[in-house]
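# Report on the structure
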Amino acid sequence: MILRRRLAVAVSPQARASYLALYSISRRDFSSSRPKPSAYNRSEFRSDFSGKGFTSFYEPDQPTRGPLGNTSNVGVGHITPKVLRQHLDQFVVDQDRAKVVLSVAVHEHYLRIQELERQKQEQDRLEAQAQRRASASRHPVEDEYPGQPETAALWKHHTDRDPSSYNEAPASSPIEHESLLDTSAHQLQIEKSNVLILGPTGVGKTLMCKTLAKTLGFPISMSDCTTFTQAGYIGDDVESCIARLFSAANYDIEATEHGIIVLDEIDKIAGTKLSYGKDVGGEGVQQALLKIIEGTTVQVQAKPERSASRPGGASGSGSQPPGPGGGKGEVYNIRTDNILFICTGAFSNLHKIVLDRKSMGSMGFGASIRTSNAHAAADGVMLTGAEAETFKKDSPFFVPPEIEAPNPFGIRQRKREDRVNVLDHVQPADLQKFGMIPELIGRIPTVCAVSALDEEALVRVLTEPKDSLIRQEEHKSFLRSIELRFTSGALHEIARKASKMGTGARGLRHVVDQLLLQAKYETPGSSVKHILVTQEVALLKRAPLYFQRGQSAAFQAAHAEEEEQWEEGLRSKEDTSTGAGVSSFEEYRKVGAVGF
């Protein structure tokens, strides 16, 4: 540093300038003589997927090139059929096929809405690009004066014509006609697939739809078809289901046109033959639903909710969504082309039509006699034994074979009896005989059946779902600072009583309320801290067991004793079933060695 400073003092400014000029010239010549590496020849910039180099420029208007050129622009969403199925398993017991059908239908609706939004964005981009191109060739006078009329372009479309023939009307060229028939710019239109779920009452049809309504991000509404009538008669018009969806979407038209409508109890609008009068709630309602399900424009008049104003000056609009802008009677046009419809119904006695078509009547020696009560109707939907094997041969869908679990210790296991749902074999002709018009059946292509719940399934309904009845009763007792507990024997006895009612899972609440009515009346405010419901209590042989404060150990001991007795009873039943048909001790030993 000291040397450089001394040289700077000794050298004159002219010499220093000439030295710097010579140094810059020599450095430029040296750098230009070296070969420059190309961006496409450097190995560090090569793509791992191909032998060609790639550029860092991104062109949004051009299609994606490279190894990801043929992939979907939408991507993989967070909602998948398996995720929806797993969510439904937490609230609904059994009904595996119905869960799969609903999950796939909702997922395809979700993908369809995404594709429609992508096509709309692509169309908006092309229109904006056309407007930019049109604005680039405009006359400068038109840009300066907005009110100036558009300048006529004489040579815009007819550059090869003679100027003397401008007064003549131009003849239509065949190219213009061909452009009208050109389908090269046509985009694929994905049609919706509506769903029909049929089966006995109280098995989870409405619950599955309500569970999906709490899960999905787009609006969903439920409408009861029992109140629908033809236009002009007392009752609700079919357009009211669109109005309910419009209200559920917070009066958003775009969200409403992409929502889901659940039509519950659709079997109640089946056509019936009346000896007098007109069927205003049957076939006429089906005719009115045709255009709405297929796709049309519905005029919806936005009205405030009935619970918004209550007598006495109380207002319930605090929790209601804000109403639409404008007046109370403002009318909105809503398209139903992209609304998914899910129809549910019990369709009582429909299984008899299927059995008649399959030539399995109730006449002849050894034939099962059909009855008209609700419990027998629910049991008649499910077939077992030889009849189930006959129906399995012509199943309308693939049934995977059951894989036996490994049993290395030879433990005897009870084999569950095969059950076949008759409603799985429903054909459009069966629904037409029931009273549904063929036009409506054709607009609902996906048909799925739910099965009746047996005693074991009802026990699972009591305990497994997150909002199960036992959990609700235990939580209500916890709010009273009381611990409530049911034994396994009591749960099975409750399920047995509910299965005889023929109302499915809805009968469970009736049985439980009858058992706990007296306890709910006596225990609040008393010194009782524990309540135990045993099998004898469920059989109405005694009152529920009460335990006072400080008797927690006795409560636990009584519950453990009841569980031991129940398990002992199960083991004795298994031993009895194992020894059935055995006449000697040697045969009993052989059966036990085999593991049956």
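Every value quoted in this text rests on a predicted model; they were computed, and no experiment measured them.

About the criteria used
Counting from 1, residues in each chain are numbered in the order their sequence is written. Whole-chain, interface and lining totals are the exception, using all residues; otherwise, since this is a predicted model, local features are given only for residues with pLDDT of at least 70 and side-chain atom pairs are given and counted only at 80 or more. Side-chain numbers come from the whole structure's heavy atoms, not from hydrogens or water. Every helix listed is a DSSP run of H or I at least four residues long, and every strand listed is a run of E at least two residues long, numbered separately from the N terminus. For each residue, the accessible area found with a 1.4 Å probe, counting protein chains only, is set against the maximum for its type, and the residue is called buried under 20%, exposed over 50%, and partly exposed in between. Contacts are assigned to residue pairs with any non-hydrogen atoms lying within 4.5 Å of each other. All accessible areas in this document rest on Shrake-Rupley with a 1.4 Å probe, and a residue is counted as covered only by the protein chains that are shown. For two strands to pair, DSSP has to find at least two bridges joining them. What counts as an axis is a line fitted to C-alpha atoms, over the stretch in contact for a helix, and the angles between N-to-C directions run from 0 to 180 degrees. Our working definition of a disulfide is a cysteine sulfur pair at a distance within 2.5 Å. Here the word oblique covers every angle except those under 35 degrees (roughly parallel), over 145 (roughly antiparallel) and from 65 to 115 (roughly perpendicular). Crossings are sorted by hand: turned counterclockwise from the far helix by less than a right angle, the near helix makes the crossing left-handed, and turned clockwise it makes it right-handed. As used in this record, nonpolar core signifies buried Ala, Val, Leu, Ile, Met, Phe, Trp, Tyr and Cys residues forming a set joined through side-chain atoms within 4.5 Å. Polar contacts here mean pairs of N or O atoms no more than 3.5 Å apart (in protein, one a potential hydrogen donor and the other a potential acceptor; neighbouring residues in sequence count only if both atoms are side-chain atoms). Here a pair means two rings of Phe, Tyr or Trp (six-membered ring of Trp) with centres within 6.5 Å. Their orientation is stacked below 30 degrees between planes, edge-to-face above 60, and tilted elsewhere. Each residue carries a pLDDT value, the predictor's own confidence for that position, ranging from 0 to 100. All residues other than Ala, Val, Leu, Ile, Met, Phe, Trp, Tyr, Cys, Pro, Asp, Glu, Lys and Arg, Gly among them, are scored as polar; the first ten of these are nonpolar and the last four charged.

All right, on to the overall build of the protein then. Scanning the protein for helices and strands turns up 22 helices and twelve strands. The 596 residues of the protein split such that 31% are buried. Contacts spanning at least 24 positions in sequence make up 72% of the contacts within the protein whose residues lie at least 6 apart. In the form shown here, the protein has an accessible surface area of approximately 39,600 Å², with 54% of it arising from carbon and sulfur atoms.

What follows concerns the sheet that holds strand β10 (residues 483-486). Pairing is mixed across the open sheet formed by three strands, whose spatial order is β10-β11-β12. Looking at which strands have only one partner, the edges of the open sheet turn out to be β10 and β12 (545-548). Across the sheet, the axes of successive neighbouring strands diverge by a mean angle of 20 degrees, strand direction being ignored. Pairing analysis gives four bridges linking β10 to strand β11 (residues 528-533), with the strands arranged parallel. Bridging from a neighbouring strand, R485 pairs with L532 of β11.

Even without a glycine there, the phi angle at D94 is positive, about 60 degrees. Of note in this structure, Q95 is not a glycine but carries a positive phi near 55 degrees. Residue position: Q95 is located in the loop between α3 (81-89) and α4 (96-136).

All right, on to the state of the cysteines then. As enumerated under the stated definition, the model contains zero disulfides in all. The thiol of C209 is not disulfide-bonded; the next cysteine sulfur, from C343, is found 9.7 Å away. Owing to a relative accessible area of 2%, C209 belongs among the buried residues under this scheme. For C241, which is in no disulfide, the shortest distance to another cysteine sulfur is to C225 and amounts to 8.0 Å.

Here we take up the side chain of Q119. Turning to its location among the elements, Q119 is positioned in helix α4. You can call Q119 buried: its relative accessible area is 9%. Not counting chain neighbours up to four residues away, the residues in contact with Q119 comprise Q187, L188 and Q189.

Next up on the list: the packing of α3 against helix α7 (residues 205-215). Following both chains from N to C, one finds α3 and α7 inclined at 120 degrees, their axes separated by 10 Å at the closest point. Here α3 is positioned oblique relative to α7, judged by the angle of their axes. The way α3 lies across α7 gives a crossing that is right-handed. Residues L84, H87 and L88 of α3 pack against M208, T211, L212 and T215 of α7.

Let's shift gears to the sheet that holds strand β1 (residues 195-198). Sheet architecture is open: five strands sit in the order β2-β3-β6-β1-β9, paired in parallel fashion. Every interior strand has two partners, whereas the edge strands, β2 (220-224) and β9 (446-449), have only one. Each neighbouring strand pair of the sheet contributes to a mean axis angle of 20 degrees, computed without reference to strand direction. Inspection of the sheet shows strand β3 (residues 260-264) paired to strand β6 (residues 340-345) by four bridges, in the parallel sense. In the strand pairing of β6, L263 is matched with C343. Contacting β2 and β3, helix α8 (residues 240-248) crosses the sheet at an angle of about 150 degrees to β2.

Core analysis: the largest hydrophobic core is formed by 51 residues, its most contacted members being I260, F486, I494 and L508. Ranked by residues supplied to this core, first place goes to helix α19 (residues 506-522) with six residues. In contact with I494, other than residues within four places in its own chain, are L462, F486, L508, V511, V512, L515 and A538. Formed by 47 residues, the second largest nonpolar core is a distinct cluster that contains C225, F228, V285 and F341.

Now for the side chain of R485. Residue placement: R485 occurs in strand β10. A polar contact of 3.1 Å, which involves the side chain of R485, links it to the side chain of Q556. Every residue in contact with R485, bar those within four places of it in the chain, is listed here: I531, L532, V533, F555, Q556 and H559.

The next point concerns the packing of aromatic side chains. Tallied over the entire structure, the rule returns four aromatic pairs. Centroid distance F347 to F434: 5.1 Å. Interplanar angle 50 degrees. Geometry classified as tilted. Of this pair, F347 sits in the loop between β6 and α11 (350-357) while F434 is found in helix α14 (residues 428-434), placing the two residues 87 residues apart along the sequence. Taking the centre distance of 5.5 Å and the plane angle of 70 degrees together, the rings of F547 and F555 count as edge-to-face. Judged by relative accessible area, F555 falls into the buried class, the value being 0%. Among the aromatic side chains, those forming a connected cluster through ring pairs are F246, Y251 and Y332.

The next thing to look at is the confidence of the model for the protein. As a note on interpretation, predicted positions should not be read in detail where pLDDT is low. Of all residues in the protein, 63% have pLDDT values of 70 or greater, and the mean over the chain is 75. In this model residues 1-9 is a low-confidence stretch, pLDDT under 50, and it forms zero contacts with partners more than four residues away in sequence or in other chains. Ignoring residues within four places in sequence, the model shows residues 371-377, a span with pLDDT below 50, making eight contacts including any to other chains.

What follows covers the packing of helix α16 (residues 455-463) against helix α18 (residues 488-499). Following both chains from N to C, one finds α16 and α18 inclined at 120 degrees, their axes separated by 8 Å at the closest point. One finds that α16 runs oblique with respect to α18. In this structure, α16 meets α18 at a crossing whose hand is right-handed. Contact residues: α16 offers E455, L458, V459, L462 and T463, while α18 offers L491, H492, I494, A495, R496, A498 and S499. Among the residues forming the contact of α16 with α18, the class breakdown is seven nonpolar, three polar and two charged.

Turning our eyes to something else, we now look at the environment of T226. If you trace the backbone, T226 turns up in the loop between β2 and α8. In this structure, the C-alpha to C-alpha distance between T226 and K268, residues 42 residues apart in sequence, is 5.9 Å. Setting aside chain neighbours within four positions, we find T226 in contact with E265 and K268.

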